[in-house]
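Each chain, written out:
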Amino acid sequence: MWLDRLAGQSSSPSSSQPGSRSYSPAPRRTPSGLGPYITSQQRPGVTPRSSSLSLASTESSSSFLASSRRANGSALKESRTIYAGPDPVEILDKLLGSAGQDAAPVTEPAGEPASLIATGGLELEYDFGGLTIRELALSEDLAVDGVGVHKPQSPEEYDRDKTKFEDLHRSIQACDEVLSSVETNLTSFRNDLATVSADIETLQARSTALNVRLENRKAVEKGLGPVVEEISVSPMVVSKIADGHIDDTWVKVVAEIDKRVTAYKKNISSARSSKGLQDLGPLLEKLVLKAIERIRDFLVAQIKALRSPHINAQIIQQQNFLKFRDLYSFLYKHHAALADEICLAYMNTMRWYYANQFTRYESALKKIKLHSLDKTDVLGNEDTSRKGTVLSSSKIAGPPHDAFNLGRRIDVLRTSNQTALSSYLAEEDQSTHYLEVPFRNFNLALIDNATAEYTFLASFFSPALSYSTISRHFTYIFDPTFHLGHALTKSLVTDTYDAIGVLLAVRLNQRFQFELQRRKIPSADGYLNGTAMLLWPRLQFIMNAHCESVRALTSALPTRPPSSKTEQSKLSAAPHVATQRFGQLLHGILALSSSSGPEPGGSDDEPVATSSRRLRSEMEAFLTRYSVAFGNDKRKRERFLYNNYSLILTIISDVQHGKLATEEQAHFEGLKAAFQEAA
């Protein structure tokens, strides 16, 4: 291809190359529609012609003008003015010099229009360097802008250029081969991309179809899942119910069976009963019966364990009953008669258990030695004997005791130790105590056990049983034990004249009532109310005995002073022994009746308040009657009354709280002030 072009070029060495321009001193002009000449570059579709002037050609200067005229034949829409100046031939003659005189005239080819020259083109000034156009054409200087004039090539130059162009041709062929390979690869890559694109579209279509199927299956599963689950039971559940060990997992399986049975009954009663539900019914019934059988055997075994000797019932209740309390609810729901029988068996067992345990505990408490306070330990008895006894009423000599002084006996109320004395320690104790010690220990143990049992009943049998039914069951279980406690209280207070001890028992009983209210155990209120009905009447009886003794002591005094001055001089103004007893007894009553402070107290309108005021009146009558013995010695008589009232006030002044204490202190303060002048 390139050789052909080179051959064609070599055949016409005298022709000018396209795009080249001959040397010209004029500035190089860019073709534009505004130039003075119309060239072929301004006409689309017209091949440009060379503007070089060859002096070797036989054409004259007229051929230049003919070329201009032919170029002026374009159809550009631009206004032109037909040249009307000097003759162009004359101008060329001036430019070409004398040699132009011999040139042949130029004839314009027919049919070509004359060139039109714009007015502005005539004003251009060209610098030819002092040469004519002919001389300028024959000049061998390099063209302006570095463009050389084409010259004919020598054979050596032609061979050299031929070799160079052949190398270029081979390089181009190699590039063509590489580009062909690249084109092949790109075509293959394009085909692969089309295949991958088709595969991706296929995968997208399949993914969309799978998503639709997944959504449909989810919708179906959402609708059918609960229904299928309700009418199906797994083999693992059946195996666990029949042969599995009873543990937490077994309880969960039973709860699942109960849920299935509930759903089955609900669906079978509705109009949408199906064949699957009908097939499920017999299987569920057999599973329920098997579960009932195993629950019965399990609960019966635990109840039998409660009858074992030296067993702690609360441990079995916490570990074996409460841990599986849902089993009883399942049993009561599906076989209420059997559940009631098991409940009755449990109640009879615990009834026997508590009666047996507290009977043994009562026997141990009976071995504690107690101070015996009888009718000789009253205020009006001057010769009080100190005796000791045990609860069995066998008389033995005991250590001396004070029937009227509270002392440290109030510690049974203030102590923070809320643990009952054990049977072993009670049997081994050799010291002598007052009646409040066995009373407190027995009732403290009873209240703790009653709390534990009621809490267990409410936790295990609820919600199968109502709370009223649970309360009746609790009363049935503890009825023998409550009777045993009342019998113990009665044996402690029936024959005693210990007012402080009985009042301490009253305060302990009130504390137990407050504790049961705090623990929310209402079923034991009947027992504590019965205990209070045993204590209050006995306290009133003892207070009446003190009043009667003081009244009897007053009645025994002479109504007239002794007539002998010797006998009057033997009379002392010191406080009477009954005054000290009364002060100590009143101090104990006020301390135990305080409505505030560290120890619990009762209200000021209790029967003990009325009894203390009545005893105070009897004591004042006794002292007034006794002061008559001083006769006309008014000063000594008033001094005697002052000393007695001052002693009483001093003893009871330690009580800091309570309306009754404030009232008694103010009363004796007034009596003391009334006789203070005589002192």
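What you are looking at is a predicted structure, and each value in this text was computed from that prediction instead of being measured.

What counts, and at which threshold
Residues numbered from 1 in each chain as written. Predicted model: local features only at pLDDT ≥ 70, side-chain atom pairs only at ≥ 80, totals over all residues. Heavy atoms only, no water. Helix = DSSP H or I, 4+ residues; strand = E, 2+ residues; numbered from the N terminus. Contact = heavy atoms within 4.5 Å. Areas by Shrake-Rupley, 256 points an atom, 1.4 Å probe, with all protein chains shown as cover. Buried < 20%, exposed > 50% of the residue type's maximum accessible area, 1.4 Å probe, protein only. Axes fitted to C-alpha atoms, helices over the stretch in contact; angles between N-to-C directions. Parallel < 35°, antiparallel > 145°, perpendicular 65-115°, else oblique. pLDDT = per-residue confidence, 0-100. Phe/Tyr/Trp six-rings, centres within 6.5 Å; stacked < 30°, edge-to-face > 60°. Lys NZ or Arg CZ within 6 Å of the ring centre and 35° of its normal. Salt bridge = Lys/Arg side-chain N within 4 Å of Asp/Glu carboxyl O. Patch = residues over 30% accessible without salt bridge, like charges linked within 9 Å, V, L, I, M, F, W, Y side chains within 5 Å. Polar contact = N/O pair within 3.5 Å; in protein donor to acceptor, adjacent residues only side chain to side chain. Left-handed = near helix turned anticlockwise from the far one by under 90°. Nonpolar A, V, L, I, M, F, W, Y, C, P; charged D, E, K, R; others polar. Arc of directions from axis to C-beta.

Chemist: An account of the overall build of the chain is requested, with residue identities and associated values reported.
Modeler: For the chain, the count of helices and strands is 22 helices and four strands. A fraction of 79% describes how many contacts in the chain between residues 6 or more apart in sequence connect residues 24 or more apart. Surface exposure of the chain reaches about 39000 Å², of which carbon and sulfur atoms provide 55%.

Chemist: Give me the lowdown on unusual backbone geometry, citing residues and values where you can.
Modeler: Looking along the chain, the bond that leaves Ser462 and enters Pro463 is cis, with omega of 5°. Here the phi dihedral of Lys520 falls at roughly 60°; this positive angle occurs in a residue that is not glycine. Note on placement: Lys520 falls in the loop between helix H16 (499–519) and helix H17 (525–556). Take Lys520: its relative accessible area is 67%, and that puts it in the exposed class.

Chemist: I'd like a rundown of the packing of helix H14 (residues 436–460) against helix H15 (residues 467–493), residues and numbers included.
Modeler: Running from amino to carboxyl end, H14 crosses H15 at an angle of 175°, the nearest separation of the two axes being 10 Å. Looking at the two axes, H14 sits roughly antiparallel to H15.

Chemist: Tell me what's going on with the confidence of the model for the chain, and back it up with residues and numbers.
Modeler: On average, residues of the chain score 79 in pLDDT, and 73% of them are at 70 or above. Every residue in residues 384–397 scores below 50 in pLDDT, and together they form 37 contacts with partners more than four places removed in sequence or on other chains. Below a pLDDT of 50 lies the segment residues 595–601, which in the model reaches 22 contacts outside its immediate sequence neighbourhood of four places, other chains included.

Chemist: Describe the packing of aromatic side chains, with residues and values.
Modeler: By convention here, two paired aromatic rings are described through the distance between centres and the angle between planes. One pass over the structure, following the stated rule, counts 27 aromatic pairs. With centroids separated by 5.3 Å and ring planes inclined at 75°, the aromatic side chains of Tyr353 and Tyr354 adopt a geometry described as edge-to-face. With respect to burial, Tyr353 and Tyr354 carry one shared label: buried. We note Arg351 situated over the ring of Tyr476; from NZ or CZ to the ring centre the distance is 4.5 Å. Its guanidinium or amino end placed over the ring of Tyr497, Arg538 lies 5.3 Å from that ring's centre, counting from NZ or CZ.

Chemist: How would you explain the pattern of salt bridges if you had to name every residue and give the values?
Modeler: Counting across every chain of the model gives 17 salt bridges. A salt bridge links Arg409 to Asp498; its shortest N-O distance comes to 2.6 Å. Placement of Arg409 in the loop between strand E3 (395–396) and helix H12 (411–414) and of Asp498 in the loop between H15 and H16 is noted, with a sequence separation of 89 residues between them. The pair Arg409 / Asp498 is uniform in exposure class, with both members buried. A cluster of three or more residues bridged by salt bridges with shared partners is formed by Asp448, Glu515, Arg518 and Arg519.

Chemist: Summarise a nonpolar patch on the surface; cite the residues concerned and give the values.
Modeler: Together, Val178, Val182 and Leu186 give the surface a local cluster of nonpolar side chains, amounting to about 260 Å² of exposed area. Tracing the sequence through the fold places Val178 in helix H5 (residues 155–230). For Val178, a relative accessible area of 51% corresponds to the exposed category.

Chemist: Any details on the side chain of Gln665? Residues and values, ideally.
Modeler: Its location among the elements puts Gln665 in helix H22 (residues 659–674). In this structure the side chain of Gln665 is engaged in a polar contact, spanning 2.9 Å, whose partner is the backbone oxygen of Ile652. One polar contact links the side chain of Gln665 to the main-chain carbonyl oxygen of Val655, over a distance of 2.7 Å. Apart from residues no more than four positions distant in its own chain, Gln665 is found in contact with Leu649, Ile652, Ser653 and Val655.

Chemist: Let's hear about the environment of Glu229: which residues, and what values?
Modeler: Looking at the secondary structure, you find Glu229 in helix H5. Separated by 31 residues in sequence, Glu229 and Arg260 place their C-alpha atoms 8.6 Å apart.

Chemist: Give a detailed account of the packing of helix H9 (residues 313–321) against H14, specifying residues and quantitative values.
Modeler: The packing of two helices is summarised by the inter-axis angle and the distance between the axes. Orientation of H9 relative to H14, taken along the N-to-C sense of each, is 20°, at an axis distance of 11 Å. On the basis of their axis angle, the class for H9 and H14 is roughly parallel. The handedness of the crossing between H9 and H14 is left-handed. Each of Gln314, Gln317 and Phe321 in H9 lies in contact with H14, whose residues at this interface are Asn449, Ala452, Glu453, Phe456 and Phe460. Its residues assigned to classes, the contact of H9 with H14 comprises four nonpolar, three polar and one charged.

Chemist: Requested: an account of helix H6 (residues 235–243), with residues and values cited.
Modeler: Within H6, burial applies to Val237, Lys240 and Ile241. Down the axis of H6, the sector holding all buried residues measures 95°, keeping them to one side. Across from the buried face of H6, at angles greater than 90 degrees, the exposed residues are Pro235 and Asp243.

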